[in-house]
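# Understanding the architecture of this molecule
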Amino acid sequence: MRAHYTISLGSKICRLRLRDLYSSLVHIIHHHEFSIMHFTFTTAGESHGRALIGTIEGLPAGLPISLDFINHELWRRQQGYGRGGRMKIETDQVQILTGVRHGETLGGPIALMVENRDAGNWGEVMSVTKPAVPLERDRKVIRPRPGHADLVGGMKYDRRDLRDILERASARETTMRVAVGAMAKQLLAEFGIGLASHVIQLGEIKSAASDAGFEQIRALYDDDVLRCLDKAAEAAMIARIDKAGIEDGDTLGGIFEIVAAGCPAGLGSHTSWSSKLDGQLAQAVMSIHAVKAVELGEGVANVALPGSQVHDEITYDAAARTFGRSSNRAGGLEGGMTNGAELRVRGYLKPIATLRKRLKSVHIETKEVLEADFERSDVTAVPAAGVIGEAMVAIVLAQAMREKFGGDSLREMRRNFEGYQQQVLEY
Ligand SMILES: Cc1cc2nc3c(=O)[nH]c(=O)nc-3n(C[C@H](O)[C@H](O)[C@H](O)COP(=O)(O)O)c2cc1C
């Protein structure tokens, strides 16, 4: 006789065999972990296609959403000295297609769209259907650019026009990440968490204000030049960009820093590799185009110092009943969890790969050595990368907040958050 197990699923009572019980539990755990609590997003779209699309799941119902705020974030991404001609053509504007009504989220999937204003000039080249006759100007890319996805992407996806690769590899995709990040920032703001970023190095020129606090950095939020606090360094950076771009036909990299203030202690977890917030932040920031290293706090400088000069001593404020730190060299993270101090994440950007001073490449058909293709391009994009970094850090923090405090509505999430705050006060 086969054993049956009786379980209740909400209002339903089910009799299941052991094998079916097992698969039902896997389904429930999967659904619980990946659909309900998780804030997830996907982007779609090509650089010169019709539009960029983003879909978001996992925001609570009742979150106030401002279109103006999202558009302002998109504007910030388009600023910065050293950007190429495209930023002048496009003024990005988001459209929310689903999931928001009368200024508040409904709790279901949200679809966002940013149209490419430049798409009109690319209609035939990017057409979904095959052109009836070969195009006069097909804009085919056959000389892969060193430092870009062109060649490897062409080999891997078996494409003979490398435009099929560069259209998706382009950092234009990060427009949608900034729109999604703006949604995440609006959730975080409800819990008193704010983000800002600044440029701390451009080429070889360093800002002397790399240790500035959140409020100072935040005051530069709408700066449209370089978002650098050290104005003497900023002037030198501008001159360096002019020299690279105008005189040398070259490009520059640099370092941006993102600071998040107001994070509660305890986002992320020490208990398994995938739940460590430091790892999640590194992945999120490293996934930004051209970022080649990620640093948390003073992680790089700390390796050369003895432990006594690195670790942040623990303090206690009896009146406020809060633990604190005497310094913040750890960048607000210990054991893969936020510790309540400012979260500080740095992204190191390589110089832009498309150069007017063209590098050597190989024609993918004839195998002839010649100069790489050139596509309209930035001299540097460090300030914009900082805005994208803010978006990615905001997304990771929003994910951690949703995981920890859950809730179908903002009110329910807030109740859970406040309960936890009280529990921490009583520790
Ligand atoms: C905001 C931003 C703008 C960028 N603009 C350009 C550009 O105009 N030209 C270019 O060749 N690369 C640009 N990049 C970098 C490339 O997208 C990136 O180097 C390329 O996709 C290869 O990826 P990888 O550098 O991460 O390996 C930009 C990156 C960012 C973050």
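These numbers were taken from a predicted model, which means no experiment stands behind them. (Residues numbered from 1 in each chain as written. Predicted model: local features only at pLDDT ≥ 70, side-chain atom pairs only at ≥ 80, totals over all residues.)

Attention now moves to the sheet that holds strand 4 (residues 51–57). Overall, antiparallel pairing links the 4 strands, which are arranged 3-4-8-5 in an open sheet. With one partner strand each, in any of the chains shown, strand 3 (40–44) and strand 5 (94–98) form the two edges of the open sheet. When strand polarity is set aside, the average angle formed by the axes of neighbouring strands in this sheet is 20 degrees. Of the strand pairs in this sheet, strand 4 and strand 8 (residues 110–115) are connected by 6 bridges, and their pairing is antiparallel. From the neighbouring strand, Ala 51 faces strand 8, where its bridge partner is Glu 115. Docked against the sheet, helix 2 (residues 67–77) engages strand 5 and strand 8, running at close to 135 degrees with respect to strand 5. On the sheet, helix 6 (residues 174–189) packs against strand 3, strand 4, strand 5 and strand 8 and is oriented at approximately 35 degrees with respect to strand 4. (Pairing = 2+ DSSP bridges. Helix = DSSP H or I, 4+ residues; strand = E, 2+ residues; numbered from the N terminus. Axes fitted to C-alpha atoms, helices over the stretch in contact; angles between N-to-C directions. Contact = placed C-beta atoms within 7 Å.)

So, about the confidence of the model for the protein chain. Chain-level pLDDT for the protein chain is 92 on average; 90% of the residues reach the 70-or-more range. Scored below 50 in pLDDT, residues 28–36 shows 2 contacts in the model against residues more than four places distant or in partner chains. (pLDDT = per-residue confidence, 0-100.)

Our next topic: the site of the ligand. Contacts to the ligand come from 21 residues, most closely from Ala 171, His 289, Thr 354, Asp 378 and Ala 381. Element by element, the count of residues in the shell around the ligand is highest for helix 11 (residues 382–405), at 3 residues. Its residues assigned to classes, the shell around the ligand shows 11 nonpolar, 8 polar and 2 charged. (Near = placed C-beta within 6 Å. Nonpolar A, V, L, I, M, F, W, Y, C, P; charged D, E, K, R; others polar.)

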